[in-house]
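Notes for the structure review
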Amino acid sequence: MTTSTPAAADLKPLAYGVASASYQIEGATTEDGRGISIWDTFSAEPGRVRNGDDGTHACDSYHRLDDDLALVRGLGVDAYRFSIAWPRVMPDGRGKVETRGLDYYERLVDALLEADVEPAVTLYHWDLPQALEDEGGWVSRSTAEAFVDYARVVHERLGDRVSSWATHNEPWCAAYLGYAAGVHAPGRREGAAGHRAAHHLLLGHALVRQALPDTHLGIVLNLAPVWPETPQAEEIADGVDAIRNRVWLDPLVDGAYDARLLDVAPVLGDPELVRPGDLEAMQGSIDWLGINYYTPIRPAVPSGHGEPHPEQGAYPGVPDLDLVVREPRTDIGWEVEPRGLEELLVDTHRRVGVPLVVTENGAAMTDTEVVDGVVDDQDRIDYLEGHLAAVDRARAAGADVRGYFAWTLMDNFEWAEGYDKTFGLVHVDRSSPLLTRTPKASYRWFADRAAPARGRARAAGLITP
Ligand code: PNW
C-alpha cells in the first residue's frame, strides 16, 4: 500500500483532549439508583486491589462535576473523553432505565458544549453491571445483546448532542486481564474464558454499529508494538501480537481471525461461539480507531529468574514467556519508549485505513507532592513532550492521526494499583475531606501546548466530520 507523506507545513492541526473514566473518578457508587458494578465487587475482595482501595469515593466527581468542568475548561482543550457507567443507566444491566443516571451525563455534555469542548463518549470502560456478570459476564453472548440495548438508551438521550462515540475501552484488558489473568474485575483465571470474552466484546461492538448506523463510531484499543528481545523469541512474540493486536484488528478489518490466532486460541474456531454473521458484522464497523499507548511489549523466552509480570497469564495459549521491561520506566514500572507510539501509528494507519486518535497516553508518577501550591512533575512533562513529538513524526510519515488525549485529567482510582499510582495533570489530595484539586506543572504545560490549536482542529472537523 502506498502512503503519501505530507510536508510538515501541510499537516492539519491536531486536536488536543484530556480523558477520564467513570469508575476511576465518580465515586457515589450507591447514589441515584446506581447498580453494583464488577469493580465494586472485585475491589471489595481482600487482596485484589493494592492497599484495599476501591472506587466508593474515587474523586467524588459525581458531586464535584462543576469543579471538574472548570478544570477541563481551564486546560483549553478541544475535547473531553469520558465514559458512561452502565450501572448508573441500567442498574440491573438490562431492562429498567435509571433516568437520574442519564441526567448526570446530560448535564456533563451540555456544560461541555456550552464551553465549546467536544464530548467524546466511551460506552464501556470496564464497569459492567454485576447482575450481568452473575449470568456469565462477557463470557456469555447475552451480555453483548444487553450492551446494544444500553447503547441505544444512552444514544437516545445524548445522540443529538454527542457526535464522537466509542463502544469499548481496551477490550484486551476487559477480556484477558479480567477473565484470563484475573488481575482485573471480575478476577477469573481461565484462558478460554478470556478468548470467549474477547469475541463477545467485539460482537457487542458490532451489534451497536448495526443498531446505530449513522453515528461516528469507533473503538478504543490498547494496541502495542511487540518487539521480540531475541530471535529465539520471535515465535512467542507472534503469539503475543495475535492476542494483543490481531484479535481485534483482523475481525474489524478483514472479518476473520487469522490462522496463528486460531492455533493459539482454538475456541475462536468453535461455531457455537463464533456464529454465522458475527465476523461479517465486525468487518468495516469502525469510522475511527482510538489507540491507547503507554509502552512497548518485549517478549523473551523464559530465563527461569526474574519477577513474574502482572500481564503473565494474559496471553493464554502462548507458550511460557517473559516480558522484559527496559529502562527508563515510570513509577508503575512501564518502559518509556516514544518510538513505540510512532511505529504503532504508522503501521496501524496502513492496516486500518480509518482516522486514528490517540485516546490515552500519559505517565504514572508517585513522587508528586504539593509544595507551596505547586506540583513539579517535570518527568510527566518530558513523557508527554516525547510522545507528542512521536505523534508529529508519525503524521509527517503519513499516518492520519486526528487527536491526542492525555491520560488523565486528575489523579484517580488506578484499577488494581488503587490510588498509589497517579497519572493526573491535576493532583487530588486524598487526605483532605474535600479531595482538593491542585493543577500540576504538567497541566499548565499541556494547556500552553494545546492553546495554539484550540478551535482550529475542531473547525477542521478532525475529531468528528
Ligand atoms: C488503561 N495492564 O489501563 C486504562 O484505559 C485506563 O483506565 C488506565 O487508568 C490507564 O490505562 C493507565 O493504566 C490499563 O496491566 C491498566 O497492562 C492496566 C494495564 C493496561 C492498561
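Here we summarise the structure given alongside this text. (Residues numbered from 1 in each chain as written. Predicted model: local features only at pLDDT ≥ 70, side-chain atom pairs only at ≥ 80, totals over all residues. Heavy atoms only, no water.)

Quick word on the overall build of the protein
The following threshold applies: Every helix listed is a DSSP run of H or I at least four residues long, and every strand listed is a run of E at least two residues long, numbered separately from the N terminus. Throughout, radius of gyration means the C-alpha value; the globule benchmark is 2.2 Å times the number of residues raised to the power 0.38. Note on exposure labels: buried denotes an accessible area under 20% of the residue type's maximum, exposed denotes more than 50%, and partly exposed covers the range between, all computed with a 1.4 Å probe on protein chains only. Contact criterion: two residues are considered in contact whenever any of their non-hydrogen atoms come within 4.5 Å of each other. In these tables, accessible area is a Shrake-Rupley quantity obtained with a 1.4 Å probe, and a residue counts as shielded only by the protein chains included in the view.
Each helix and strand counted, the protein has 16 helices and 12 strands in total. Since a compact globule built from 465 residues should have a radius of gyration of about 23 Å, the 21 Å found for the protein is in line with a globular shape. Structurally, the protein occupies a C-alpha span of about 55 × 50 × 45 Å along its principal axes. The buried share of the protein, reckoned over its 465 residues, is 62%. For the protein, the proportion of contacts with a sequence separation of at least 24, taken over those separated by at least 6, is 78%. Carbon and sulfur atoms make up 49% of the accessible area of the protein, which amounts to about 17,100 Å² in all.

Here we look at the site of the ligand
Note the threshold: One heavy atom within 4 Å of a molecule or strand is enough for the residue carrying it to be called near that molecule or strand. Definition of a polar contact: a pair of N or O atoms within 3.5 Å, with one able to donate and the other able to accept a hydrogen when the atoms are protein atoms, and with sequence-neighbouring residues admitted only if both atoms are side-chain atoms.
Gln24, His125, Glu311, Glu414 and Trp415 are the nearest of the 18 residues found near the ligand. Glu170 places a polar side-chain atom, nitrogen or oxygen, 3.3 Å from an oxygen atom of the ligand. Within the side chain of Tyr294, an N or O atom sits 3.4 Å from an oxygen atom of the ligand. For the ligand, whose free accessible area comes to 450 Å², the fraction covered by protein is 93%. Examining the composition of the shell around the ligand, we find that 3 residues originate from one element, helix H8 (residues 171-179), more than from any other.

A closer look at helix H10 (residues 234-254)
The test is simple: By definition here, a helix of n residues has an expected span of 1.5 Å times n minus one. Bend is computed residue by residue as the angle between axes fitted to the seven residues ending at the residue and the seven residues starting at it.
In this model, H10 (21 residues) spans only 24 Å end to end at C-alpha, well below the 30 Å of a helix rising 1.5 Å per residue. If you look at H10, its biggest bend is around 60°, right at Arg246. The buried fraction of H10 amounts to 15 of the 21 residues, a majority that puts the element mostly inside the structure. Gly255 sits one or two positions beyond H10 and adopts a positive phi of about 65°.

Some remarks on the pairing of strand S10 (residues 401-407)
Rules: For two strands to be treated as a pair, DSSP must find at least two bridges joining them.
In terms of burial, S10 is largely enclosed, as 7 of its 7 residues are buried. Relative to S10, strand S1 (residues 15-19) runs parallel, the two being bridged by 5 bridges. From the neighbouring strand, Ala19 faces S10, where its bridge partner is Trp407. Where strand S9 (residues 356-360) lies against S10, 3 bridges are found, and the strand directions are parallel. Looking at the pairing, Val357 lines up with Gly403 of S10.

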